[in-house]
Protein chains: 2
Amino acid sequence: MLALNLHNDQLDLRFDFPTPVPVPGEALLRVRLAGICGTDMALIQGYKGGYSGVLGHEYVAEVVQAPGREEWVGRRVVGEINTSCGQCDHCRRGLVTHCQRRRVLGILNWDGAFAEYMLSPTTLLHAVPDHVPDEVAVFTEPVAAAYAALRDIPPDAGERIVVFGDGRLGLVIALAFVAEGYDPVLVGRHVPKLEIASRQGVRTTMELPAGAEFDVAVDATGRVEALSVILDYLRPRGTLILKTTTAQPGVLDLSRIVVNELRVIGSRCGPFPRALAALSTGRLDPRPLISATYSLSNALQAFAHAMQPGALKVLLRP
Amino acid sequence: MLALNLHNDQLDLRFDFPTPVPVPGEALLRVRLAGICGTDMALIQGYKGGYSGVLGHEYVAEVVQAPGREEWVGRRVVGEINTSCGQCDHCRRGLVTHCQRRRVLGILNWDGAFAEYMLSPTTLLHAVPDHVPDEVAVFTEPVAAAYAALRDIPPDAGERIVVFGDGRLGLVIALAFVAEGYDPVLVGRHVPKLEIASRQGVRTTMELPAGAEFDVAVDATGRVEALSVILDYLRPRGTLILKTTTAQPGVLDLSRIVVNELRVIGSRCGPFPRALAALSTGRLDPRPLISATYSLSNALQAFAHAMQPGALKVLLRP
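How each quantity is defined
Residues numbered from 1 in each chain as written. Chains lettered and ligands numbered in written order. Predicted model: local features only at pLDDT ≥ 70, side-chain atom pairs only at ≥ 80, totals over all residues. Heavy atoms only, no water. Helix = DSSP H or I, 4+ residues; strand = E, 2+ residues; numbered from the N terminus. Polar contact = N/O pair within 3.5 Å; in protein donor to acceptor, adjacent residues only side chain to side chain. Phe/Tyr/Trp six-rings, centres within 6.5 Å; stacked < 30°, edge-to-face > 60°. Buried < 20%, exposed > 50% of the residue type's maximum accessible area, 1.4 Å probe, protein only. Lys NZ or Arg CZ within 6 Å of the ring centre and 35° of its normal. Contact = heavy atoms within 4.5 Å. Buried area = accessible area lost by both parts, 1.4 Å probe. Salt bridge = Lys/Arg side-chain N within 4 Å of Asp/Glu carboxyl O. Nonpolar A, V, L, I, M, F, W, Y, C, P; charged D, E, K, R; others polar. Pairing = 2+ DSSP bridges. Arc of directions from axis to C-beta. Least-squares fit on C-alpha atoms with pLDDT ≥ 70 in both. Axes fitted to C-alpha atoms, helices over the stretch in contact; angles between N-to-C directions. Left-handed = near helix turned anticlockwise from the far one by under 90°. pLDDT = per-residue confidence, 0-100.

Colleague: Help me get a handle on the side chain of Asn5(B), residues and values and all.
Modeller: Mapped onto the elements, Asn5(B) comes out in strand 1 (residues 3–7). Reaching out from Asn5(B), the side chain makes a polar contact with the backbone nitrogen of Val54(B) at a distance of 3.3 Å.

Colleague: Explain the packing of aromatic side chains to me, and be specific about the residues and the numbers.
Modeller: For the structure on display, the rule yields six aromatic pairs over all chains. Ring geometry for Phe114(B) against Phe303(B): centres 6.0 Å apart, planes inclined by 80 degrees, an arrangement best described as edge-to-face. Residue Phe114(B) is located in the loop between helix 2 (89–92) and strand 7 (117–121), and its partner Phe303(B) is located in helix 10 (residues 299–306); the two are separated by 189 residues in the primary sequence. Of the residues examined, Phe114(B) reaches a relative accessible area of 0% and is grouped as buried. Seen in terms of ring centroids, Phe177(B) and Tyr182(B) are 5.7 Å apart; in terms of plane orientation they differ by 85 degrees. Their pairing is edge-to-face. Look at Phe177(B) and you get buried, because its relative accessible area is 0%. Of note, Arg75(A) hangs over the ring of Trp72(A), and the distance from its end group to the ring centre comes to 5.2 Å.

Colleague: So, the interface of chain B and chain A: which residues are in play, and what are the values?
Modeller: Contact residues are listed per partner, giving 44 residues for chain B and 44 residues for chain A. Taken together, the two surfaces of chain B and chain A that pack against each other cover about 3,500 Å², and 58% of this comes from carbon and sulfur. Interface area lost by chain B to chain A is led by Leu254(B), Val258(B) and Val259(B), which between them contribute 18%. Between the two partners, chain B and chain A, sit two salt bridges. In this structure, Arg151(A) engages Glu261(B) in a salt bridge whose closest nitrogen and oxygen atoms are separated by 3.3 Å. At the boundary of chain B and chain A, one finds 13 residue pairs in polar contact (both at pLDDT 80 or more). Residue assignment for the side of chain B that touches chain A shows that the elements contributing at least two residues are helix 2, strand 13 (234–242), strand 14 (250–252), helix 8 (254–259) and strand 15 (263–266) of chain B. Per element, the largest residue contribution to the side of chain B that touches chain A is five residues, and it comes from helix 8 of chain B. For the side of chain B that touches chain A, the class distribution of residues is 17 nonpolar, twelve polar and 15 charged. Strand direction decides the pairing type here: strand 15 (residues 263–266) of chain A and strand 15 of chain B, joined by three bridges, are antiparallel. Residue pairing in the sheet places Arg263(A) in a bridge with Ile265(B) of strand 15 of chain B.

Colleague: I'd like a rundown of helix 9 (residues 272–280) of chain A, residues and numbers included.
Modeller: Since there are 3.6 residues in each turn of an α-helix, residues three or four apart along the chain are aligned in direction. Residue and element names in this part refer to chain A. Listing the buried residues of helix 9 in full gives Phe272, Ala275, Leu276, Ala278 and Leu279. End-on view of helix 9: buried residues confined to an arc of 160 degrees, all on one side of the axis. Here the buried face of helix 9 lies against strand 6 (76–79), strand 8 (125–127), helix 3 (134–137) and helix 4 (140–151). Just downstream of helix 9, glycine 282 is the residue with a positive phi angle, here 80 degrees.

Colleague: Any details on the relation of the copies chain B and chain A? Residues and values, ideally.
Modeller: For the pair of chain copies, the relating operation is a rotation around an axis with a shift along it. Once turned by 180 degrees and shifted 0.0 Å along the axis, chain B lies on chain A with an RMSD of 0.0 Å. Look at the turn and shift together and you get a two-fold axis relating the two. Interface overlap between copies is the fraction of interface residues in one copy that are interface residues in the other; for chain B against chain A it reaches 100%, indicating a shared surface.

Colleague: Hey, could you go over the packing of helix 4 (residues 140–151) of chain B against helix 5 (residues 168–179) of chain B for me, with residue numbers and the actual values?
Modeller: Residues and elements named next belong to chain B. The contact between helix 4 and helix 5 brings their axes to 9 Å, and the two run at 60 degrees. In the packing of helix 4 onto helix 5, the handedness of the crossing is right-handed. Contacts between helix 4 and helix 5 involve Pro142, Val143, Ala146, Tyr147, Ala149 and Leu150 from the former and Val172, Ile173, Ala176, Phe177 and Ala179 from the latter. Taken together, the residues of the contact of helix 4 with helix 5 break down into eleven nonpolar, no polar and no charged.

Colleague: Tell me about the sheet that holds strand 2 (residues 10–14) of chain A, and please be specific about residues and values.
Modeller: Residues and elements named next belong to chain A. Read across the open sheet, the three strands follow the order 2-1-4; overall the sheet is antiparallel. Each having just a single partner strand, strand 2 and strand 4 (53–54) make up the two edges of the open sheet. With five bridges joining them, strand 1 (residues 3–7) and strand 2 adopt antiparallel strand pairing. The residue bridging alanine 3 from the neighbouring strand is arginine 14, located in strand 2.

Colleague: Outline the confidence of the model for chain A, listing residues and values.
Modeller: Averaged over all residues, the pLDDT of chain A is 92; the fraction at 70 or higher stands at 96%. Quick note on the complex model: pTM equals 0.90, ipTM equals 0.87.

Colleague: How would you summarise the pairing of strand 1 of chain B if you had to cite specific residues and measurements?
Modeller: All names here are of chain B. With four of five residues buried, strand 1 is to be regarded as a mostly interior element. Between the antiparallel neighbours strand 1 and strand 2 (residues 10–14) lie two residues, among them asparagine 8 with a positive phi of about 50 degrees. Here strand 1 runs beside strand 4 (residues 53–54); their pairing, made up of two bridges, is antiparallel. If you follow leucine 6 over to strand 4, its bridge partner there is glycine 53.

Colleague: Could you give an account of the pattern of salt bridges, with specific residues and numbers?
Modeller: Applying the stated rule across the entire model yields 38 salt bridges over all chains. Between Asp89(B) and Arg93(B) there is a salt bridge whose closest N-O contact spans 3.4 Å. For Arg287(B), the salt bridge identified is with Asp285(B), shortest N-O distance 3.0 Å. Overlapping salt bridges, with partners in common, bring together Arg30(A), Arg32(A), Glu62(A), Arg76(A) and Asp134(A) in one network.

Colleague: Give a description of the sheet that holds strand 10 (residues 185–187) of chain A that names residues and reports values.
Modeller: Taken together, twelve strands build an open sheet; the order of strands is 11(A)-10(A)-9(A)-12(A)-13(A)-15(A)-15(B)-13(B)-12(B)-9(B)-10(B)-11(B) and the sheet is mixed. Each end of this open sheet is capped by a strand with a single partner; those strands are strand 11 (203–205) of chain A together with strand 11 (203–205) of chain B. Each adjacent strand pair in this sheet contributes to an overall mean axis angle of 20 degrees, direction not counted. Note that strand 9 (residues 161–164) of chain A and strand 10 of chain A share three bridges and pair parallel. Bridging from a neighbouring strand, Val162(A) pairs with Val185(A) of strand 10 of chain A.

Here is the structure:
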């Protein structure tokens, strides 16, 4: 089958990749549509010390086989990405997305979605309602990551929320906040991207007024240098939700965190059911974020496009 | 009067310092005993960009005058250190210890406790029960800072708690955790200091076993380099309570915070009533931390002592 494989930091479009075979507990999926994420581009650049395997962890697919769980066959699904063993200390504490033996679809020891077929544990699958088009469902994973930021807002926080970064992640987070009734300000640098957000009710700006102060700030800039600026806009005991994962270590003025008693919360994967609910009711429409859709056989061009400044979501169709 | 004054980063013991005069709302206090804190030593070294004034913010004193609030006169008191205006945006939001116009006793625009007499707003005073000796009461401020760490433990955390640093602050925090029924491990480098903690029921170690994992870690090391090591011992979604304030910026691997979904919580001043309750019931006995008591006229020697490796709390008696 066709698959986009990463090996020794080298991307290869392989036509002879073996079609995987599911064991009981796994489903064989035919990928319908997949999205290129910032993490994919970071993996190509060596993040995580060199992933080898098929890339891709945002997808919508159809179940082809599911040994022992035949009720899944024929269903259209999206899927969570962290496998879990159920046995380790983290799993027993309920931290299943942090399983100590976890594999992560398209990221760590498990072939991903930029292929004609892929495998997933059936426990990670979520059925997609019929009326939700593929172009919407494919955003479930990044929208769930945005909902993780919502989960991390302390219940005693006010509602002055600012999102920094108008890339894919920042936009989806701002849209998720609005979908859930918050009134965030999105700070970005790109008029066309900010307009995508403002058309769905997000307040946007390219520069905050001096002295502006927020209860919650979300960092989706992808740039560690941005953090010092972001801290300036947090009230004492305010919360910074960190979404940026970069390979480079960041320099942070820790005494400001102590003196202002700030909370910094790292936030990664999120709840698929809430994301699917927002997408299926139309409260959140991610389609304006689609920059282009390529066939999988043009995956290298798709990656070149996704890496261009200004590009938002680039999709791959096997 | 006698006062230890800091000016242009220069410590001067002055014999002719003017005795302050209270206005309504303020109390004139005769200092009975005061403690030298790490912040005092940092201020001497230029932290906060150069404080000018009388140092000292840990004290027990007797109220001499309190215009309009005569009921305070003659009482033995300890005092909080952050003044507040009641008018600014932070005060109106209840963040009074973060008042935008705040002055901080002995730290920012308000003469402190290393003097025969000092002023305090009466709103910051707490009466000390008669049976609590000065040597115990003088620890109320640092014990309150330790209780701030307790306040910041998320209610959904387990109880695997580790405190890093066996200096004054780390010891007091470990003792406070034990006083409140937790079972922390204190990690330090100094056998005599660790023994002070273990004699009050704290588990101590000089090295954690590889793979040890905690729900909550408290950084009281005073060294920004320690943070990377500390992160190794936190479980996913664990909490790091930051108490270290240093002038130097710290380098932190932010992607670990995101991937492990850690919470980093800056923690500063804490609740005086809880601290006084722990001290007055004897649940927490800070007296083993006293390294020496000097008369205020020997304050420069006292500071030299406090700065020696191995020194714990050095007290000044005017």
